[in-house]
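Understanding the architecture of this molecule
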Amino acid sequence: MVFSKDNVTGIILALLSSVFIGASFIIKKKGLRRAAVVSGVRAGVGGYSYLVEPLWWIGMITMIVGEIANFVAYAFAPAVLVTPLGALSIIVSAVLAQIILKEKLHPLGILGCVLCIAGSVVIVIHAPQERPISSVKEIWYMATQKAFLLYMGSVIVLVFILVFYFAPQCGHSNVLVFTGICSLMGSLSVMSVKALGTSLKLTVEGKNQLIYPETWCFMFVVAVCVVTQMNYLNKALDTFNTTVVSPIYYVMFTTLTIVASVIMFKDWDGQNVGSIISGICGFIVVLSGTILLHVTKDVERSSSFRGNYSPSSPTLSTRLCNSNGDSRKHEEEDESCSEESRF
């Protein structure tokens, strides 16, 4: 097992990203509680007092640092390695929630954490090496190959069908509609983020890529995909239970991202069948751990309403919508309602 320098850098950045993002959930949650106690108005019901709470801003800055680390990680390591490691932020969040917020972690939740760690180790061990790229034009060539153009065309057609046909009819009754749009667009956004990150990395190394129109094209695609992704993720979170949206979105988004990366960047070329199968198995283990964490979280929330209330720890999808300030209304209403008794 030999890791290239770029792969090691990508792994370290992805792990740091998970730590920062997972910690940001807890810091922002503490800030929201503190602000609600001072003002008497929760963020979930229209309060904005958290904007003058230093702890909330520390959490926001921590999250931004984590997102930057994740962005840079794509410039050094394959998406099939970086994307699944994002599940580790859930573990960081769950552990810190138990230590700092005194939220009890269900025994099956602990098993979910162990599965996420074990699956991540397997993915890292069997991860493909990052292909050396010397120009953004190489990435543009990969993006304009017939196989990826077919994938991209299929994604665009499916998104249009979901947005204009299924969303008006059953978008508010079927969770797969909004999460499907997010996941499909998310797979394209990650490919563009990796292309843009690689371009900026080469520019920093002295090979200016900003003079090429391809770099700006990738930047435009990132903006369009992220805005669309955020819009429909917020709709999904506003319509359905977070514990339903989060695992479905993570499974679909990560799976489609890996498929897109394998098609565009040929991540599995040169790998033996055993390594590919092991990587897929590791990914399935991570998915199982993630789903188990969310299922046990839902069980804890249900039982807490029958007895003493205990707010659930933040979820992976919060990371994608927390930049909107008050994010999920029902999650923050829940997490703030017991502040009087805690402080």
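In case you missed it, the structure is sitting above this.
In this report, we go over the structure that sits alongside the text.

Procedures and definitions
Residues numbered from 1 in each chain as written. Predicted model: local features only at pLDDT ≥ 70, side-chain atom pairs only at ≥ 80, totals over all residues. Heavy atoms only, no water. Helix = DSSP H or I, 4+ residues; strand = E, 2+ residues; numbered from the N terminus. Buried < 20%, exposed > 50% of the residue type's maximum accessible area, 1.4 Å probe, protein only. Polar contact = N/O pair within 3.5 Å; in protein donor to acceptor, adjacent residues only side chain to side chain. Phe/Tyr/Trp six-rings, centres within 6.5 Å; stacked < 30°, edge-to-face > 60°.

1. Topic: the side chain of Gln229
Turning to its location among the elements, Gln229 is positioned in helix α9 (residues 213-239). What makes Gln229 buried here is its relative accessible area of 6%. For Gln229, the side chain forms a polar contact with the side chain of Ser189, separated by 3.4 Å.

2. Notes on the packing of aromatic side chains
Scanning the entire structure with this criterion turns up seven aromatic pairs. Considering the side-chain rings of Trp140 and Phe218, the 5.6 Å spacing of their centres and the 70 degrees angle between planes classify their relative orientation as edge-to-face. Of the two residues, Trp140 sits in helix α6 (residues 136-143) while Phe218 sits in helix α9, which places them 78 residues apart along the sequence. Using a relative accessible area of 6% as the deciding quantity, one classes Phe218 as buried.

3. Digging into the environment of Met60
In this fold, Met60 is placed in helix α2 (residues 54-76). Assessed through its relative accessible area of 8%, Met60 is described here as buried. Taking the C-alpha atoms as reference points, Met60 and Ile27, separated by 33 residues in sequence, lie 8.4 Å from one another.

Keep in mind these values describe shape, not function.
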